[in-house]
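One letter stands for each residue in the lines below.
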Amino acid sequence: MAESLYILGDEDRKKFARLIAAAWSEDDVKTRYGREPRLMLVEYGIAYPEGVATPPLPPKPAGQFSIEELEVAAGTEAPADGCFGSASSVSCFTGCVATASTFGCAGVAET
């Protein structure tokens, strides 16, 4: 039987980006999320429906990221220059993880 899919809204994506940033910088947050993901989602203000698999934490990429950069990557805010880097979403279906990315610049003229 296929698992249900839940798409986070804009505000919840912002909150989840904060949770990801905390997990990437604090091992205890990452460990707690692995043990009690629903409790951690609630602590970060995310109402997640019962019966739907919780989203996995993405692995930490190389480099440093700010909360604002994660919010942009989560698709909740446009960067000041109008140029988006990459935004990824991760979904779990019966144990499989897939990633989809988008790239693009809006309103940026090339010279």
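Throughout what follows, the structure given in this document is the object of discussion. All figures in this text were calculated on a predicted structure; none of them were measured in a lab.

Criteria and cut-off values
Residues numbered from 1 in each chain as written. Predicted model: local features only at pLDDT ≥ 70, side-chain atom pairs only at ≥ 80, totals over all residues. Heavy atoms only, no water. Helix = DSSP H or I, 4+ residues; strand = E, 2+ residues; numbered from the N terminus. Buried < 20%, exposed > 50% of the residue type's maximum accessible area, 1.4 Å probe, protein only. Contact = heavy atoms within 4.5 Å. Expected span 1.5 Å × (residues − 1). Salt bridge = Lys/Arg side-chain N within 4 Å of Asp/Glu carboxyl O. Core = buried A, V, L, I, M, F, W, Y, C linked by side-chain atoms within 4.5 Å.

### Concerning the side chain of D12
Moving on, step 1. Mapped onto the elements, D12 comes out in helix 1 (residues 10-25).
Moving on, step 2. You can call D12 buried: its relative accessible area is 13%.
Moving on, step 3. In this structure D12 touches Y6, G45, I46 and A47, once residues within four positions along its chain are discounted.

### What to know about helix 1
Moving on, step 1. Here helix 1 is 16 residues long and its end C-alpha atoms lie 23 Å apart, about the 22 Å a rise of 1.5 Å per residue gives.
Moving on, step 2. By the burial criterion, the buried members of helix 1 are D12, K14, F16, A17, L19, I20, A21, A22, A23 and W24.

### What to know about the pattern of salt bridges
Moving on, step 1. Applying the stated criterion to the full structure yields 5 salt bridges.
Moving on, step 2. Taking the shortest distance from any N to any O, the salt bridge between K15 and D12 comes out at 4.0 Å. Pair noted here: K15 and D12 are both in helix 1, with a separation of 3 residues, about one helical turn.
Moving on, step 3. Close ionic contact of E43 with R32 constitutes a salt bridge, the shortest N to O distance being 2.6 Å. Here the residue E43 occupies a position in helix 3 (residues 37-43), and R32 occupies one in helix 2 (residues 27-35), the gap between them amounting to 11 residues.
Moving on, step 4. Judged by its relative accessible area of 23%, R32 falls in the partly exposed class.

### Remarks on the nonpolar core
Moving on, step 1. Grouped together as the largest cluster of nonpolar side chains are 17 residues, with contacts concentrated most on F16, L19, V29, Y33, L41, I46 and Y48.
Moving on, step 2. Mapped by element, the contributors of at least two residues to this core are helix 1, helix 2 and helix 3.
Moving on, step 3. For this core, the element with the highest residue contribution is helix 1, accounting for 8 residues.
Moving on, step 4. Setting aside chain neighbours within four positions, we find I46 in contact with L8, D12, K15, F16 and L41.

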